[in-house]
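This is what each chain is made of:
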Amino acid sequence: MKTLISSDVRLLANLIQEGKVVIFPTETVYGIGASTKNEAACLRVYEIKGRPKDNPLIAHFHSIESIEEVCVLSEIGRKILDKFSPGPITLILPKKDKSLFPKGLDTLAVRIPKNPDIREWIRLTGGPVSAPSANLSGRPSLTKLADVLRYFGGKVDGILIAEEPSYGIESTVVSLVGEHPTLLRPGSIESEELKTLLPDLVVPNPLETSPALTTTSVPLSPGTKYKHYAPSAQVLLVSTEEFIYSLKTGFDSKDTAWIGFSLSSKEGKGKVLPERNDAVSKEASGFSEFDHFSIVSTNEEYASKLYAFFEACDLSKIQTIICEAPKLGQGWEGLRNRLEKAALKK
């Protein structure tokens, strides 16, 4: 298959209108999308990813008004979108239009991407565009164009070139269906921020299967049922003390990589690149080309680098990735969730 790779939003919008599959960047991660109005095209997204059929997709819209045309948007839902959107917030809402994919659910996960070029592209498609993250199911989401091309070149109909993701982790998902609003997936917008508008927000333990996460056997949101975000390497999530100790003893530096706050050139066994996100050379043919440390200074920077670091480690056949626990405070909630899920035993 020939993949059209272009920054021309009209060309890529035409592909969606023709029932094709297109990869596009958002502020969070890359998405792989098809028209929400075209069931066959959406099912093809599942096939390309190897995604379980009961793991729902998020419908991407260009405006709040376009959401209101097909979903029931309550007053509080409108306030949430007014405050946090366009941006990394997804709401689960009741459908008005039952013909939209997935037809088996009475709800739709909706969000409005931050990038105005992507919103214009969605508008030109006739919208909405349903998309999960652009990755193979269960693996880390992709945040770099080079990784998208490596995995999906020749497998999708189009790749839209625009600003690469900067947040690095998927959107926060909140269900407004049911007795109480429920946080289904933590993200960059944290529960404490949401509680300023949703004081009764239910925040389940992200590692537990909670009845609050779904009203049926079918999950309402991605990221709540299946193993996610995991590289091939074993991920160890450790305290700062354990992280520092691991740098000094107990791990073979040829097979191990580290990402965290507590790295310095004095502690490390190799080259450290604190200012760069390319922790591994994509063309590396051996360990000599591999920079196996990634220094971060904030939780937000950690999140923005995490998935690209995982991908780079797998390319260099790293066996163990040691991740320092995020710092309490801004950015902790979503990052901790992704790290915990990546560290789950396979």
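Residues numbered from 1 in each chain as written. Predicted model: local features only at pLDDT ≥ 70, side-chain atom pairs only at ≥ 80, totals over all residues. Heavy atoms only, no water.

**Some thoughts on the overall build of the protein**
Of the regular secondary structure elements, the protein holds 10 helices and 14 strands. Within the protein, the proportion of its 346 residues that are buried is 56%. Taking contacts inside the protein between residues at least 6 apart in sequence as the whole, the part at least 24 apart equals 69%. By element, 52% of the accessible surface of the protein is carried by carbon and sulfur atoms, the whole surface being about 14400 Å². (Helix = DSSP H or I, 4+ residues; strand = E, 2+ residues; numbered from the N terminus. Buried < 20%, exposed > 50% of the residue type's maximum accessible area, 1.4 Å probe, protein only. Contact = heavy atoms within 4.5 Å. Areas by Shrake-Rupley, 256 points an atom, 1.4 Å probe, with all protein chains shown as cover.)

**Quick word on the nonpolar core**
Counting residues in each nonpolar core, the largest one holds 24 residues, and the members touching the most others are I89, L91 and V174. Secondary-structure elements contributing two or more residues to this core are α3 (64-70), α4 (75-84), β5 (89-94) and β6 (107-111). Filtering out sequence-adjacent residues up to four positions away, L91 remains in contact with G77, I80, L81, L108, A109, V110, V174 and L176. One finds I169, A233, A303 and F309 within the second-largest nonpolar core, a separate group that totals 22 residues. (Core = buried A, V, L, I, M, F, W, Y, C linked by side-chain atoms within 4.5 Å.)

**Some words on the pairing of strand β14 (residues 320-324)**
Within β14, 5 of the 5 residues are buried, leaving the element largely enclosed by the surrounding structure. Burial along β14 is two-sided: the face carrying T320, I322 and E324 and the face carrying I321 and C323 are both buried. Across 5 bridges, the pairing between strand β11 (residues 234-238) and β14 is parallel. Counterpart to V235 in the pairing with β14 is I321. Bridge count between strand β12 (residues 256-260) and β14: 4 bridges; the pairing is parallel. Bridge pairing links W258 to I322 in β14. (Pairing = 2+ DSSP bridges.)

**What about the environment of C71?**
Within the secondary structure, C71 sits in the loop between α3 and α4. Under the relative-accessibility criterion, C71 is labelled buried at 1%. Spatially, the C-alpha atoms of C71 and D106 are 9.8 Å apart, while their sequence positions differ by 35 residues. With residues up to four places along the chain from it excluded, the contact list for C71 reads L93, P94, K95, K96, L108 and V110.

**Some words on helix α10 (residues 332-343)**
An ideal rise of 1.5 Å per residue puts 16 Å on 12 residues; α10 measures up with 16 Å between its terminal C-alpha atoms. In terms of residue burial, α10 counts as a mostly covered element, since 9 of its 12 residues are buried. For α10, the set of buried residues is E333, G334, L335, N337, R338, L339, E340, K341 and A342. Here the buried face of α10 lies against β10 (182-185), α7 (191-194), β11, α9 (299-315) and β14. (Expected span 1.5 Å × (residues − 1).)

**Focus: the environment of L328**
Considering the arrangement of structural elements, one finds L328 in the loop between β14 and α10. Given the relative accessible area of 75%, L328 is considered exposed. Residues L328 and N299, 29 residues apart in the sequence, show an inter-C-alpha distance of 8.7 Å.

**Overview of the sheet that holds β6**
The 10 strands lie next to each other as β1-β8-β2-β3-β7-β4-β6-β5-β9-β10, forming an open sheet whose pairing is mixed. On the outer flanks of this sheet lie β1 (4-6) and β10, each paired with one strand and no other. Neighbour-to-neighbour, the strand axes of this sheet turn through a mean angle of 30°, independent of strand direction. When strand β2 (residues 22-25) meets strand β3 (residues 30-35), the two strands line up antiparallel, connected through 4 bridges. (Axes fitted to C-alpha atoms, helices over the stretch in contact; angles between N-to-C directions.)

**Let's talk about the packing of helix α1 (residues 9-17) against helix α5 (residues 116-125)**
The interhelical angle for the contact between α1 and α5, taken along N-to-C directions, is 45°, at an axis separation of 8 Å. Classed by the angle they form, the pair α1 and α5 counts as oblique. Here α1 and α5 pass one another in a crossing that is right-handed. Contacts between α1 and α5 involve V9, R10, L12, A13, I16 and Q17 from the former and D117, W121, L124 and T125 from the latter. Its residues assigned to classes, the contact of α1 with α5 shows 6 nonpolar, 2 polar and 2 charged. (Parallel < 35°, antiparallel > 145°, perpendicular 65-115°, else oblique. Left-handed = near helix turned anticlockwise from the far one by under 90°. Nonpolar A, V, L, I, M, F, W, Y, C, P; charged D, E, K, R; others polar.)

**Focus on unusual backbone geometry**
At the junction of F101 and P102, the peptide bond is cis and its omega measures out at 0° in the coordinates. Take P102: it is sitting in the loop between β5 and β6. A cis amide bond links G127 to the next residue, P128, at an omega of -10°. Structurally, the position occupied by P128 is in the loop between α5 and β7 (129-131).

By themselves, these observations are geometric and do not establish any function.
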